[in-house]
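Below are the chains, spelled out letter by letter.
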Amino acid sequence: MTKAILTCALNGVLTDPTQHPVPVTPDQCAASAREAMDAGAAVIHIHFRQQEHGKGHLPSWDPAVATDIVDAIRTACPGILINATTGVVGPDYSGALACVRALKPEIAACNAGSLNYLKLRSNGDWAWPPMMFENTPTKIQDHIDVMAEAGTLPEFECFDTGIVRSVAMYVKNGMTQRAQYNLVMGVASGMPVSPELLEFLMPFILEDSFWQATLIGREDIWPTHQKAADLGGMLRTGVEDTFYLPDGSKTRSNGQLIEALAKCAENAGRDIASPDEARVMLKIT
């Protein structure tokens, strides 16, 4: 088993920072990233939020905002790898591409297929109007091309089993030279959080490819994190994905979640990769 590369999903999108421990400002993001790094994280996955008072729950695609946040993280966490979001709903994704060009992150999310993005309330009503999270091959190629210009490794976000299988087609077609997978489990209309499903997906991961599982919500996430550690995957958690620790209590910070994730690696007999070791493993120069 290789050393485990731990990713902290620092903040996500839309979660209200007045109600949850979600960092928004450059200083907050830097402090939370440092705590996660001290707990074992080698990679920080970051979303960018609007900085105006009362708007910290809303996304920003302003490259200047993104640069201020990432510069603060890099100053506080020398050597840390940055994994930038690019997730945009709607036809205009130019802001996401502009942020990749400006930041030149080591890694960036590349949403690898479309999904009806749905969620129900307990009474059966829609939690939000049903929407299509559209990621066509043309949009995916645009992201891959900009990431290549920036020297950024695409991490293919897979919300369903067919999307996992599509990544191999992108490689065979020549759209990209290599695959790195993020298996997203827990979106209500996508793959459920399941240790059994995670194991089932392993034959569909291209040989010698790195992968991790994003586990959203509360149910079954820690048994599935343990399964990911046992199967040799990279490991990811953070307040973007969950607010709950293995004992069911709510986390106060990203650092607590990364500490629990490191324990999963330890249980599997794996050491934790430093940022420098993660760069070597992922072939990032």
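Details of the structure are given in the entry above.
Residues numbered from 1 in each chain as written. Predicted model: local features only at pLDDT ≥ 70, side-chain atom pairs only at ≥ 80, totals over all residues. Heavy atoms only, no water.

1. Side note on the sheet that holds strand β3 (residues 81–84)
Inference 1: With parallel pairing, the eight strands of this open sheet are ordered in space as β9-β8-β7-β4-β3-β2-β1-β10. Each having just a single partner strand, β9 (210–215) and β10 (235–237) make up the two edges of the open sheet. On average, adjacent strands in this sheet sit at an angle of 25° to one another, irrespective of strand direction.
Inference 2: One ladder, built from six bridges, connects strand β8 (residues 180–185) with β9; its direction is parallel. What sits directly across from Tyr 181, in β9, is Trp 211.
Inference 3: Running over the sheet, helix α5 (residues 161–173) touches β7 (153–158) and β8 and is turned about 145° from β7. (Pairing = 2+ DSSP bridges. Helix = DSSP H or I, 4+ residues; strand = E, 2+ residues; numbered from the N terminus. Axes fitted to C-alpha atoms, helices over the stretch in contact; angles between N-to-C directions. Contact = heavy atoms within 4.5 Å.)

2. Looking at the pairing of β3
Inference 1: Where burial is concerned, the two faces of β3 agree: the one with Leu 81 and Asn 83 and the one with Ile 82 and Ala 84 are both buried.
Inference 2: For strand β2 (residues 41–46) and β3, the ladder comprises four bridges, and the chain directions are parallel. In the sheet register, Ile 44 faces β3, and the bridge partner there is Ile 82.
Inference 3: In this view, the connection linking β2 to its parallel neighbour β3 by way of helix α2 (residues 63–76) has right-handed handedness.
Inference 4: Of the pairings in the sheet, the one linking β3 to strand β4 (residues 107–111) comprises two bridges and is parallel in character. Paired with Asn 83 across the strands is Ile 107, a residue of β4.
Inference 5: Handedness of the crossover joining β3 and β4 through helix α3 (residues 94–103): right-handed. (Buried < 20%, exposed > 50% of the residue type's maximum accessible area, 1.4 Å probe, protein only. Right-handed = clockwise from strand over helix to strand, strands pointing away.)

3. Some thoughts on the packing of aromatic side chains
Inference 1: Inspection of the entire model under this criterion finds four aromatic pairs.
Inference 2: Ring geometry for Phe 133 and Phe 159: centres 5.8 Å apart, planes at 80°, overall edge-to-face. Of this pair, Phe 133 sits in strand β6 (residues 131–133) while Phe 159 sits in the loop between β7 and α5, and the two are 26 residues apart along the sequence.
Inference 3: Accessibility expressed as a relative area gives 8% for Phe 159, which makes it buried.
Inference 4: Between Phe 200 and Phe 204, the aromatic rings sit 5.7 Å apart at their centres with planes inclined by 50°, giving tilted as the arrangement. (Phe/Tyr/Trp six-rings, centres within 6.5 Å; stacked < 30°, edge-to-face > 60°.)

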